[in-house]
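# Inside the fold
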Amino acid sequence: MPEEFRLILKKADEPGYTPDIDCYLSHGGYESLKKALAIQPKEIEDGKSKTPQEQIREEVMTSGLRGRGGAGFSCGLKWSFVDRRSGKPIYLICNADESEPGTFKDRQIIHKDPHQLIEGMIISAFANDVNLAYIYIRGEFPEGARLLNKALKEAREKGFLGKNILGSGFDLDIHVHRGAGAYICGEETGLIESLEGKRAYPRIKPPFFPAVLGLYMCPTIVNNVETLCAVRHIVEMGGSEYAKLGTPRNTGTRIVSLSGQVKKPGYYEIEVGKVTLGELIFHENFGGGLQEGRSLKAVIPGGSSAKVLKAGEKFTMKRPNEDGEMEPVEVDMLDIPYDFDSLMAAGTMSGSSAIIVMDDSVDIVEVLANVSAFYAHESCGQCTPCREGSLWMSKALNRLTSGQGRKEDAEYLTHIATNIQGRTICAFGEASAWPVLSFVNKFKDEFEAKGAAVAAAQGEPNKEGAASAAK
Amino acid sequence: MATETTKAETKPVETVTVKVDGVTVEVPKTTPDWQGNPVPTTILQACKQVGKEIPHYCYHPKLPVSGNCRMCLVEIGMPAMGRDRKPILNEDGTPKIQKGVLPYDPSLPRGAIACQPRWRPTWRSTRNPRTRR
């Protein structure tokens, strides 16, 4: 029986739970921080010793925590790339620019439990010798920024932030920076540019990898809100204990934002990989199924930039059989476990874990036109294929939906999308091209029908005119 | 356009052995910029030194690398191969990547806007897509 497993949002929805520090402290708050700061250097062989920082980093590595922002990159690995020998200060940035359409998980954490994020940030900063950290929050969350600023003030008063935190000799300050609502500011290097006060143009990688040349050309770590909250729980539970949650290689819990035409849209925290996509949509503990008399048409499994899954699609995936050997099995799209690797094998991605469900009442071309209009509007305009291409795609879809489409538009869209992906500076190119590619490939008949209907409608008056002229 | 970095040699002038379009050449590891300071050689500069001109817009020797026009994209390593184990080329025999960058594709609007047969913007297609809904 698939059920929610709450770890990060365990206490947030309890009745009477408030986002202030007294409530957080009475629920066992900042205990993990005390535990982390009290870690003693551990002796290993050859007379060397491991610093507490290294021990925490190792715990995160063993936990197998993967970034919850979108790419699913290992958090421990990201921390290990940081250039610690340069002598420059290291910065930590919390990416609270939750701009992917369909995602609303970080908002829950910030609004209901901001101290959890701050505790996670202090531990992460301690583990990486960071003395200055930023929270980049999107402009559309004024309430979130207010709550975070209040929480930071409270934490400073209690001595969890500032100089010499809890007598450990570790200094840290956290600042909240409000963005102005641009989608591209959620991109790692775009965010860094924006934080520096420039226009959010993503940087060219290489050479500007944030782990080496990030904020103010210093090594920088950028982590998602949920990832940083998970660090707090890893320190509390221990890395190996955390790794037991979920499935191997896809450990821990994730907050899924379920939206679209389901009975119970909302956020659900699950163990990664223990619940399938179909259960998330149809089970009574989660989405509760579609409205009466409707059937499933398509699902976007990971925010609007992920490739769409058509209802009834089959995938071959490797699953262990009775003898423990890997064997290719045919899996229906609804039986895909909701984790990073399975969705990757199905040719899409779990992204920011935002599931958008569409039933048979939707017009797929309208959906894509809407998604594409968003990307055309949000393209930062730095590099040419994305700046031009996203607008062309949007224009083509606009004329399809407004009754001026052409028969060859489906092919035209595929042509543009294939020439955007992989040729841009940042991943925005893929984000705008993948939905177009997958929608057009999987629902080609609908796109062609739209174009053909228009041609037929245009053809009719001409025929009549010709007929009347002949008379 | 296969460009491959293989190995770096030591003093006096550090050179890198690269393969451009199947021809192995040696290029210096650093190139003086317009002020004479040595900066790492880019693929574009390396190809220019061996006589292969890569088309470019936004590159200028007196400006920092901007890399946003994407016109100078090249394939690094093995080019995409077809079933017959030969590189996939455009219809006119040029490498695929050469016409792959959208705005320079003459079959599309603005790629070569004058060449477009009867391409007229409709009133809807010129509007800001966001204002539609």
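Just above, that's the structure.
Attention here is on the structure that accompanies the text. Computed from a predicted structure; not experimentally measured.

Turning our eyes to something else, we now look at the overall build of chain A. Tallying secondary structure elements over chain A gives 17 helices and 15 strands in all. Taken over C-alpha atoms, the radius of gyration comes to 24 Å for chain A, in line with the 23 Å a tight globule of 471 residues would show. Every one of the 471 residues in chain A was classed for burial, and the buried ones make up 57%. Across chain A, contacts joining residues at least 24 apart in sequence account for 68% of those joining residues at least 6 apart.

This next bit is on unusual backbone geometry. All names here are of chain A. Residue Pro206 follows Lys205 across a cis peptide bond; omega there is -5°. Along the chain, the position of Pro206 falls in the loop between α8 (188-195) and β6 (220-224). Cis rather than trans, the peptide bond between Pro206 and Pro207 has omega equal to 5°. Looking at the secondary structure, you find Pro207 in the loop between α8 and β6. The backbone phi angle of Tyr30 is positive, close to 60°, even though this residue is not glycine. Inspection of the secondary structure puts Tyr30 in the loop between α1 (21-26) and α2 (31-37). With a phi angle near 50°, Tyr216 is a residue other than glycine that sits in the positive phi range.

Here we take up the sheet that holds strand β10 (residues 266-271) of chain A. All names here are of chain A. Within the open sheet, the five strands sit side by side as β10-β9-β15-β11-β12. Their pairing is mixed. Only two strands of the sheet have a single neighbouring strand rather than two, namely β10 and β12 (309-310). For strand β11 (residues 296-300) and strand β15 (residues 354-359), the ladder comprises four bridges, and the chain directions are antiparallel. When the bridges of β15 are listed, Ala298 appears paired with Met358.

Attention shifts here to the sheet that holds β6(A). Residues and elements named next belong to chain A. Here four strands make up an open sheet; going across it, the order is β5-β4-β3-β6 and the pairing parallel. The two strands at the open ends of the sheet, each matched to only one other strand, are β5 (173-178) and β6. Taken over all neighbouring pairs, the strand axes of this sheet differ in orientation by 20° on average, direction set aside. Contacting β4 (132-137) and β5, helix α7 (residues 142-157) crosses the sheet at an angle of about 165° to β5. Sitting on the sheet, helix α9 (residues 225-237) is in contact with β3 (91-96) and β6, with an inclination near 95° to β6.

On to the packing of aromatic side chains. All names here are of chain A. Applying the stated criterion to the full structure yields 13 aromatic pairs over all chains. With 6.1 Å between their ring centres and 35° between their planes, Phe73 and Phe81 make a pair best called tilted. Given the relative accessible area of 47%, Phe81 is considered partly exposed. Seen from their ring centres, Phe126 and Phe170 are 5.2 Å apart, and the 75° between their planes marks the pair as edge-to-face. With a gap of 44 residues between them, Phe126 in helix α6 (residues 114-127) and Phe170 in the loop between α7 and β5 connect regions that are remote in the sequence. In terms of burial, Phe126 and Phe170 fall into one category: buried. Ring pairing ties together the aromatic residues Tyr183, Phe374, Tyr375 and Phe428, which thus form one cluster. Positioned above the aromatic ring of Phe208, the side-chain terminus of Arg203 is 6.0 Å from the ring centre. Directly above the ring of Phe443 sits Lys310, whose terminal nitrogen or CZ lies 5.3 Å from the centroid.

Residues and elements named next belong to chain A. Here the structure, examined in full by the defined rule, presents 34 salt bridges over all chains. The partner of Lys450 in a salt bridge is Asp363, with the nearest N and O atoms 3.0 Å apart. Remark: Asp363 occurs in the loop between β15 and α13 (364-378) and Lys450 occurs in helix α17 (residues 444-470); sequence separation between them is 87 residues. Using a relative accessible area of 23% as the deciding quantity, one classes Lys450 as partly exposed.

One can find B:Thr15 in strand β2 (residues 15-20). In terms of polar contacts, B:Thr15 uses its side chain to reach the side chain of B:Glu26, at 3.4 Å.

Residues and elements named next belong to chain A. Here α6 crosses α7 at 60°, and the two axes come no closer than 9 Å. In terms of their interaxial angle, α6 and α7 are classed as oblique. Where α6 crosses over α7, the two elements pack in a sense that is right-handed. The residues of α7 that touch α6, namely those facing Pro114, His115, Leu117 and Ile118, are Leu147, Leu148, Ala151, Leu152, Glu154 and Ala155. Of the residues assigned to the contact of α6 with α7, the class counts are eight nonpolar, one polar and one charged.

Okay, the pairing of strand β14 (residues 326-332) of chain A next. All names here are of chain A. Relative to β14, strand β13 (residues 314-320) runs antiparallel, the two being bridged by seven bridges. In the strand pairing of β14, Arg319 is matched with Glu327. Taken together, β13 and the strand that follows it, β14, pair antiparallel across an intervening segment of five residues, in which Gly324 is found at a positive phi of about 85°.

A few words now on a nonpolar patch on the surface. A cluster of nonpolar side chains, A:Met61, A:Phe73, A:Leu77 and A:Phe81, forms an exposed patch at the surface whose accessible area comes to about 360 Å². According to the relative accessible area criterion, A:Met61 is partly exposed, its value standing at 38%.

Another point: helix α16 (residues 428-442) of chain A. With 15 residues, α16(A) extends 22 Å between its outermost C-alpha atoms, agreeing within 8% with the 21 Å of an ideal straight helix rising 1.5 Å per residue. Buried within α16(A) we find A:Phe428, A:Gly429, A:Glu430, A:Ala431, A:Ser432, A:Ala433, A:Pro435, A:Val436, A:Leu437, A:Ser438, A:Phe439 and A:Val440.

All names here are of chain A. The element β3 is largely enclosed, with a buried count of six among its six residues. On β3, burial covers both faces: Tyr91, Ile93 and Asn95 on one face and Leu92, Cys94 and Ala96 on the other are all buried. Both β3 and β4 contribute to a ladder of six bridges, which runs parallel. Counterpart to Cys94 in the pairing with β4 is Ile135. In terms of strand pairing, β3 meets β6 through five bridges, oriented parallel. Within β6, the residue paired with Cys94 across the bridge is Asn223.

Turning next to the packing of helix α15 (residues 409-420) of chain A against α16(A). Residues and elements named next belong to chain A. Interaxial distance between α15 and α16 falls to 9 Å at its minimum, and their mutual angle equals 150°. For the element pair α15 / α16, the angle class is roughly antiparallel. Here α15 and α16 pass one another in a crossing that is left-handed. Touching Ala410, Leu413, Thr414, Ala417, Thr418 and Ile420 of α15 are Gly429, Ser432, Ala433, Val436, Leu437, Val440 and Asn441, all from α16. Partitioned by chemical class, the residues of the contact of α15 with α16 number eight nonpolar, five polar and no charged.

Turning next to the environment of B:Val65. All names here are of chain B. Position of Val65 relative to the elements: it lies in the segment after α1 (43-49). Judged by its relative accessible area of 64%, Val65 is exposed. Taking the C-alpha atoms as reference, Val65 lies 14 Å from Ala46; in sequence the two are 19 residues apart.

About the cut-offs
Residues numbered from 1 in each chain as written. Chains lettered and ligands numbered in written order. Predicted model: local features only at pLDDT ≥ 70, side-chain atom pairs only at ≥ 80, totals over all residues. Heavy atoms only, no water. Helix = DSSP H or I, 4+ residues; strand = E, 2+ residues; numbered from the N terminus. Rg over C-alpha atoms; globule rule 2.2 N^0.38 Å. Buried < 20%, exposed > 50% of the residue type's maximum accessible area, 1.4 Å probe, protein only. Contact = heavy atoms within 4.5 Å. Pairing = 2+ DSSP bridges. Axes fitted to C-alpha atoms, helices over the stretch in contact; angles between N-to-C directions. Phe/Tyr/Trp six-rings, centres within 6.5 Å; stacked < 30°, edge-to-face > 60°. Lys NZ or Arg CZ within 6 Å of the ring centre and 35° of its normal. Salt bridge = Lys/Arg side-chain N within 4 Å of Asp/Glu carboxyl O. Polar contact = N/O pair within 3.5 Å; in protein donor to acceptor, adjacent residues only side chain to side chain. Parallel < 35°, antiparallel > 145°, perpendicular 65-115°, else oblique. Left-handed = near helix turned anticlockwise from the far one by under 90°. Nonpolar A, V, L, I, M, F, W, Y, C, P; charged D, E, K, R; others polar. Patch = residues over 30% accessible without salt bridge, like charges linked within 9 Å, V, L, I, M, F, W, Y side chains within 5 Å. Areas by Shrake-Rupley, 256 points an atom, 1.4 Å probe, with all protein chains shown as cover. Expected span 1.5 Å × (residues − 1).

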